[in-house]
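Notes for the structure review
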Amino acid sequence: MYGPRPSLSGLAVAGPDYRPITVECRPLAALLADAGIGKIDLLSIDVEGTELDVWDSFDHHRHHSRIVIIEYSEEQRGRNAAEIKRHLGPRYEQIHRTPSNLILRSRE
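Attention here is on the structure that accompanies the text. (Residues numbered from 1 in each chain as written. Predicted model: local features only at pLDDT ≥ 70, side-chain atom pairs only at ≥ 80, totals over all residues. Heavy atoms only, no water.)

**Here's the deal with the overall build of the chain**
Broken down by element type, the chain carries three helices and four strands. Its helices and strands taken in sequence order, the chain reads α-β-α-β-α-β-β from the N to the C terminus. Principal-axis analysis of the C-alpha atoms gives the chain an extent of 50 × 35 × 20 Å. The burial tally for the chain puts 30% of its 108 residues in the buried class. Restricting the contact set of the chain to residue pairs at least 6 apart, pairs at least 24 apart contribute 50%. Accessible surface, the chain as shown: approximately 7,300 Å² in total, 52% of it carbon and sulfur. For the chain, the distance from the average site of its 14 positive side-chain charges to the average site of its 16 negative ones is 5 Å. (Helix = DSSP H or I, 4+ residues; strand = E, 2+ residues; numbered from the N terminus. Buried < 20%, exposed > 50% of the residue type's maximum accessible area, 1.4 Å probe, protein only. Contact = heavy atoms within 4.5 Å. Areas by Shrake-Rupley, 256 points an atom, 1.4 Å probe, with all protein chains shown as cover. Lys, Arg positive; Asp, Glu negative; His and termini not counted. Charge placed at Lys NZ, Arg CZ, Asp CG, Glu CD.)

So, in structure tokens, the structure goes:
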């Protein structure tokens, strides 16, 4: 956690103004169940490199997402745009791309 400006906190970041904190990690499926959420209109996943782990942590048929925004990085293996689109499968088509996010729409 970056004390002077918490919004600049991150994973594996260190320095004199940073302090480690422990956070509870839960699969997205558990969070959706606790909140009673079925269908998802907009799902945005930006979790510093583990986006596909989050994507794989819930049932896509039960919690179908109409729009998915997912962070990508062409510099990191397993996180480039082509790999992410392949992982999400043919159910989604890319409708926009920013320098750091893919925006995809369900074909269903």
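**Details of the pattern of salt bridges**
In the structure shown here, the tally under the stated rule is nine salt bridges. Note that Arg-107 and Glu-93 form a salt bridge whose closest N and O atoms lie 3.9 Å from each other. Linking Arg-107 in the segment after strand S4 (101-106) with Glu-93 in strand S3 (residues 92-97), this pair joins segments that are 14 residues apart in sequence. Overall, Glu-93 belongs to the partly exposed group, its relative accessible area being 24%. Connected through salt bridges with shared partners, the residues Glu-24, Arg-26 and Asp-34 form a single ionic network. (Salt bridge = Lys/Arg side-chain N within 4 Å of Asp/Glu carboxyl O.)

**Regarding the layout of surface pockets**
Quantified by volume, the largest pocket comes out at close to 430 Å³. Surrounding the largest pocket, 21 residues form its lining, Gly-10, Leu-11, Ile-21, Val-23 and Cys-25 being those nearest its centre. Of the residues that constitute the lining of the largest pocket, the class distribution is 15 nonpolar, three polar and three charged. (1 Å grid on protein atoms, 1.4 Å probe; cavity = no way out; pocket = protein on both sides within 12 Å on 5 of 7 lines; lining within 4 Å. Points joined across faces, edges and corners; volume = space filled by probe spheres on them. Nonpolar A, V, L, I, M, F, W, Y, C, P; charged D, E, K, R; others polar.)

**Concerning the side chain of Arg-91**
Mapping Arg-91 onto the fold places it in the loop between helix H3 (81-88) and S3. One polar contact links Arg-91 to His-64, side chain to side chain, over a distance of 2.5 Å. Setting aside anything within four residues of it in sequence, one finds Arg-91 in contact with His-60, His-61, His-64, Arg-105, Ser-106, Arg-107 and Glu-108. (Polar contact = N/O pair within 3.5 Å; in protein donor to acceptor, adjacent residues only side chain to side chain.)

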